[in-house]
Amino acid sequence: MYKLEPLSYSYDALEPVICSEIMQLHYDKHLNGYATNYNNAIKDTKWDNMDLKDVLANLDQLDNNIKNTVRNNGGGVANHVSFFASLKPGVELKDSPLKEQIIKDFGSVENFLEEFKQKATTLFGSGWAWLVLDNNKLAIKQYHNQDNPYMDNLIPLLGIDVWEHAYYIQYKNVRADYVNNIFTIIDWDVVNNRFEEACK
Ligand code: MN3
């Protein structure tokens, strides 16, 4: 059972980058739907009292009649909860262990952002671009649908939702503008905390 907490900020807190209509639909309809479907699928199974990330890391052990539902909806919950918690206007990427690792693995912050934006913009169809920790090295990976780094036993640090529902009301077909703008409201302190936690 996954207990979905209310959004920790108001629907208009990310304006003008993300309008409140998108936030309300995205949280109340999309994410809430994923959580309901996930909980219904695992109800009365042994997976009901396991952490979501452990369920996602062991999808191959699930019964075939619930596997796809858990993959799509459990992945949807993990992706969105992490995404919404990593957005906040006005936070810079400060000197930090995360920034040091970015420079080590990508050469510079500029290279890192360029690769991240490129992977988010060019992902074909619906999915996510994820910054992950893979054996103590940062990497940016594309995931289709609601697949999530936990499914590959990688540690998710920052995901960017590039499903059309994340931007179409406001940005229409211009995903690149949405991607550029979303990178102005990343809460890099949260991402650094996740990185430091993962390195312990
Ligand atoms: Mn979404």
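Residues numbered from 1 in each chain as written. Predicted model: local features only at pLDDT ≥ 70, side-chain atom pairs only at ≥ 80, totals over all residues. Heavy atoms only, no water.

Colleague: Lay out the overall build of the chain with the relevant residues and their values.
Modeller: When its secondary structure is counted, the chain shows eight helices and three strands. Helices (α) and strands (β) of the chain occur, in sequence order from the N terminus, as α-α-α-α-α-β-β-β-α-α-α. In terms of C-alpha radius of gyration, the chain reaches 17 Å, essentially the compact-globule figure of 16 Å for 200 residues. Its C-alpha atoms give the chain principal-axis dimensions of about 50 × 40 × 30 Å. (Helix = DSSP H or I, 4+ residues; strand = E, 2+ residues; numbered from the N terminus. Rg over C-alpha atoms; globule rule 2.2 N^0.38 Å.)

Colleague: Tell me about the coordination of the manganese ion, residues and numbers included.
Modeller: Binding of the manganese ion to the protein goes through H26 (NE2), H80 (NE2), D161 (OD) and H165 (NE2), at separations of 1.9 to 2.1 Å. Summarised as a motif, the one-chain spacing of the donors to the manganese ion is H-x53-H-x80-D-x3-H. Taken together, the residues span a long stretch of sequence, with H80 in helix α3 (residues 64-85) and H165 in the loop between β3 (155-161) and α6 (168-171) at a distance of 85 residues. (Donors = N, O, S within 2.8 Å, 3.2 Å for Na, K, Ca; no water.)

Colleague: Account for the sheet that holds strand β1 (residues 127-134), with residues named and values stated.
Modeller: The three strands are arranged β2-β1-β3 in an open sheet whose pairing can be described as antiparallel. Either end of the sheet is taken by a strand with one partner, and the two such strands are β2 (137-144) and β3. When the angles between neighbouring strand axes are averaged without regard to direction, this sheet yields 25 degrees. Alignment of β1 against β3, held across six bridges, turns out to be antiparallel. Residue pairing for β3: W130 is matched across the bridge by G159. Its contacts with the sheet put α3 on β1 and β3, and the angle it makes with β1 is roughly 80 degrees. On the sheet, helix α8 (residues 188-199) packs against β1, β2 and β3 and is oriented at approximately 155 degrees with respect to β3. (Pairing = 2+ DSSP bridges. Axes fitted to C-alpha atoms, helices over the stretch in contact; angles between N-to-C directions. Contact = heavy atoms within 4.5 Å.)

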